[in-house]
Each structure stands twice: as structure tokens, then as C-alpha cells.
Amino acid sequence: MSNALQLGVNIDHVATLRQARYTGMLESHNCEPSLLDAAEICERAGAAGITTHLRADRRHIQDGDVFRLRERIKTKLNLEMGNTPEILEIALRVKPEDVCLVPENRREVTTEGGLDAAGQFDALVPTVRRLKMAGIRVSLFIEPDARQIDAAVALGVPCIELHTGAFANSQGEPHQRELARIREAAAYAHGLGLRVNAGHGINYVNIAEIREVPYLAELNIGHTIVSRAIFVGLEAAVKELIAAMRG
Ligand code: PXP
């Protein structure tokens, strides 16, 4: 593992828990659990950044959360978003350090599959341009696939996030094949000058395989950390994962 491998904690599911009780109520800092406290604890525990996905259906993160996080976060904010005019305008007002463009489908439980950067090339061009002009580092959440990486390069983004879902959800030989795809994609993208991040479905067990993938700069991890936090607390959960990243 590269010593530089960093952790971005996705805190969406802290908001999922809050929304399970407070959906439809006035946005308030006092609705528990506090997203701002969660972000602060993650930073204190060693996270290099905080990641949130403002979905079109606002199922967990709300608009106000993103603005408040922007003010409070001391590391960096990585905003995940679908390529829609509404969310783009919000991103341009929030000005996170990073934006990761993801596919979004209203009925999915979580982000399924990578963004089809090659197929949606024309629709992505103006969005990438506006985000870049605002000084935001743009990343694309894509499958570990050379065609998608080539599209990312052609779009002029400096960064990609490799979707590790197929790897995380497989076992045995298919799992090893997916790991090999991630390794090849990371090396290919790195060779083309891209910063390479990875995320989705990474947990305390499969991190042992992911940490050995060369050229990865940052992992964005959410569900497993929030799940573990129920038993050991958020600070310990983040520290345990960072320790696992370091082997
Ligand atoms: N990266 C991206 C782009 C995602 O959409 C998600 C899920 O919201 C994650 C990382 C984190 O995935 P997980 O919650 O499975 O760790």
C-alpha cells in the first residue's frame, strides 16, 4: 500500500439515520444524529476528507447540510452528485474542493454501477467545464474499464473514482477477476496522469485486498464505518479502518 493512501469518510448514512426520524421536519442542527459532529469526529480520527452525496430525492443529505458542512469541515469536502442542472447550481454555490459525478437512479438503494462517461460524454462536457471554471477538482465515478478511463481523459478531468462494487459483491474466482480489473484500471489511469480514487462496498475485510492495489490515492468509504460505529463509536470505527488501510 502506498503510504499516501487517504480515507474520505462518506457520512450519508449518518443522515439516513436522522431522516428515519426527522424527514419532513424543519431542517435543524438539533435533529440527531448531528452530521456536523460526525464530520468533526471523522476528521479528528484521521479522515483526510468528508464525502456526501446530495441526491435528487434528498433521501439522506439535505441542501442545508452541504452548506453547513462546507463551513465546518477543516479537511476537504467531496460532493457526490448526479449530472443535473439543479444539483450543479448548488455545487457551484457550495464550492466543495472536489465533486465526484455519479450516476443516479431514483429507485436504486445505493449507487449502482459507474457513470457511463463514454456514453454521456456530450452531456458531461458543459458540467465538467463549469465545475472546473469554479476551481473545483472534478472526478468521475466509473467502472474499472479502459473505455471509461479514456472518456475521463478526453473530458479533461484530473481524477476518477473506480467503482469497487462488483469486487465487493463477488466471491471466489469472480472476486479475483474484479480485483485484477481494478488493479489494471488503476495502473492504466495513473499512466494517463489521472489521480485514482476508489470506493463502494469497501469494508474492514476486503480493505486488505484494496490496500494492495497500486496507485490509489483515496478511498471513499461509508456504510461499513457507520455500521461499525454503532458498536464502537464513530471515532474508533474510523481509526480502525485507517489502521486496516495501513495494514
Ligand atoms: N463512492 C461513491 C461514488 C459512492 O456513491 C458511494 C456510495 O454512496 C461510496 C463511495 C461509499 O460506498 P459505501 O457506503 O459502500 O462505502
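For the structure itself, consult the block above.
Just so you know, these numbers come straight off a predicted model, no measurement behind them.

## Points about the overall build of the chain
And then number 1: For the chain, the count of helices and strands is 11 helices and 8 strands.
And then number 2: A compact globule built from 247 residues would reach a C-alpha radius of gyration of about 18 Å, and the chain, at 17 Å, matches this within 12%.
And then number 3: Projected onto its principal axes, the C-alpha coordinates of the chain cover approximately 45 × 40 × 30 Å.
And then number 4: Counting every position in the chain, which comprises 247 residues, the buried fraction comes to 50%.
And then number 5: Once local pairs closer than 6 in sequence are excluded, the contacts in the chain between residues at least 24 apart make up 68%.
And then number 6: Of note, the chain has its 28 positive side-chain charges centred 3 Å away from the centre of its 32 negative side-chain charges.

## Structural notes on the site of the ligand
And then number 1: The environment of the ligand is made up of 13 residues, and the closest members are Glu80, Glu161, Gly201, Gly222 and His223.
And then number 2: Glutamate 161 is positioned with one of its side-chain polar atoms (N or O) 2.5 Å from a nitrogen atom of the ligand.
And then number 3: In this structure, histidine 223 approaches the ligand through a main-chain N or O atom, which is 2.9 Å from an oxygen atom.
And then number 4: Here the ligand, which alone exposes 400 Å², has 93% of that area covered by the protein.

## Quick word on the side chain of aspartate 98
And then number 1: For aspartate 98, the location among the structural elements is in strand 4 (residues 98-101).
And then number 2: Judged by its relative accessible area of 5%, aspartate 98 falls in the buried class.
And then number 3: A distance of 2.9 Å separates the side chain of aspartate 98 from the side chain of arginine 137, its partner in a polar contact.
And then number 4: Setting aside residues up to four positions removed in sequence, aspartate 98 forms contacts with Lys76, Leu77, Asn78, Leu79, Ile136 and Arg137.

## Let's talk about helix 10 (residues 223-232)
And then number 1: Among the residues of helix 10, Thr224, Ile225, Val226 and Ala229 are the ones counted as buried.
And then number 2: Contacts from the buried residues of helix 10 go to strand 1 (6-10), helix 1 (12-22), strand 8 (216-221) and helix 11 (234-245).
And then number 3: At the C-terminal side of helix 10, glycine 233 shows a positive phi close to 90°.

## Some thoughts on the sheet that holds strand 5 (residues 137-142)
Whether parallel or antiparallel, the strands of a sheet pair through hydrogen bonds between backbone atoms.
And then number 1: The strand order 1-2-3-4-5-6-7-8 describes a closed barrel built from 8 strands, whose pairing is parallel. Pairs of neighbouring strands in the sheet enclose a mean axial angle of 25°, with direction left out of account.
And then number 2: With 5 bridges connecting them, strand 6 (residues 159-163) and strand 7 (residues 195-199) associate as parallel partners. Note that in strand 7 the partner of histidine 163 across the bridge is glycine 199.
And then number 3: Against the sheet, helix 5 (residues 121-133) makes contact with strand 4 and strand 5, and its axis sits at roughly 170° relative to strand 4, the strand it touches most.

## Here's the deal with the nonpolar core
In globular proteins that are soluble, nonpolar side chains generally tend to be buried together.
And then number 1: Grouped together as the largest cluster of nonpolar side chains are 72 residues, with contacts concentrated most on Leu101 and Leu219.
And then number 2: Here the element with the most residues in this core is helix 11; it accounts for 7 residues.
And then number 3: When near neighbours in sequence (up to four residues on either side) are disregarded, leucine 101 contacts Met81, Leu115, Leu124, Thr127, Val128, Leu131, Val138, Ser139, Leu140 and Phe141.

## What about the packing of helix 10 against helix 11?
And then number 1: At a minimum axis separation of 7 Å, helix 10 and helix 11 run at an interaxial angle of 125°. It follows from the interaxial angle that helix 10 and helix 11 lie oblique. Crossing angle aside, the handedness with which helix 10 passes helix 11 is right-handed. Contacts from Thr224, Ile225, Arg228, Ala229 and Val232 in helix 10 reach Leu234, Ala236, Ala237, Val238, Glu240 and Leu241 in helix 11.
And then number 2: Here the residues of the contact of helix 10 with helix 11 sort into 8 nonpolar, 1 polar and 2 charged.

How each quantity is defined
Residues numbered from 1 in each chain as written. Predicted model: local features only at pLDDT ≥ 70, side-chain atom pairs only at ≥ 80, totals over all residues. Heavy atoms only, no water. Helix = DSSP H or I, 4+ residues; strand = E, 2+ residues; numbered from the N terminus. Rg over C-alpha atoms; globule rule 2.2 N^0.38 Å. Buried < 20%, exposed > 50% of the residue type's maximum accessible area, 1.4 Å probe, protein only. Contact = heavy atoms within 4.5 Å. Lys, Arg positive; Asp, Glu negative; His and termini not counted. Charge placed at Lys NZ, Arg CZ, Asp CG, Glu CD. Near = heavy atom within 4 Å. Polar contact = N/O pair within 3.5 Å; in protein donor to acceptor, adjacent residues only side chain to side chain. Areas by Shrake-Rupley, 256 points an atom, 1.4 Å probe, with all protein chains shown as cover. Pairing = 2+ DSSP bridges. Axes fitted to C-alpha atoms, helices over the stretch in contact; angles between N-to-C directions. Core = buried A, V, L, I, M, F, W, Y, C linked by side-chain atoms within 4.5 Å. Parallel < 35°, antiparallel > 145°, perpendicular 65-115°, else oblique. Left-handed = near helix turned anticlockwise from the far one by under 90°. Nonpolar A, V, L, I, M, F, W, Y, C, P; charged D, E, K, R; others polar.

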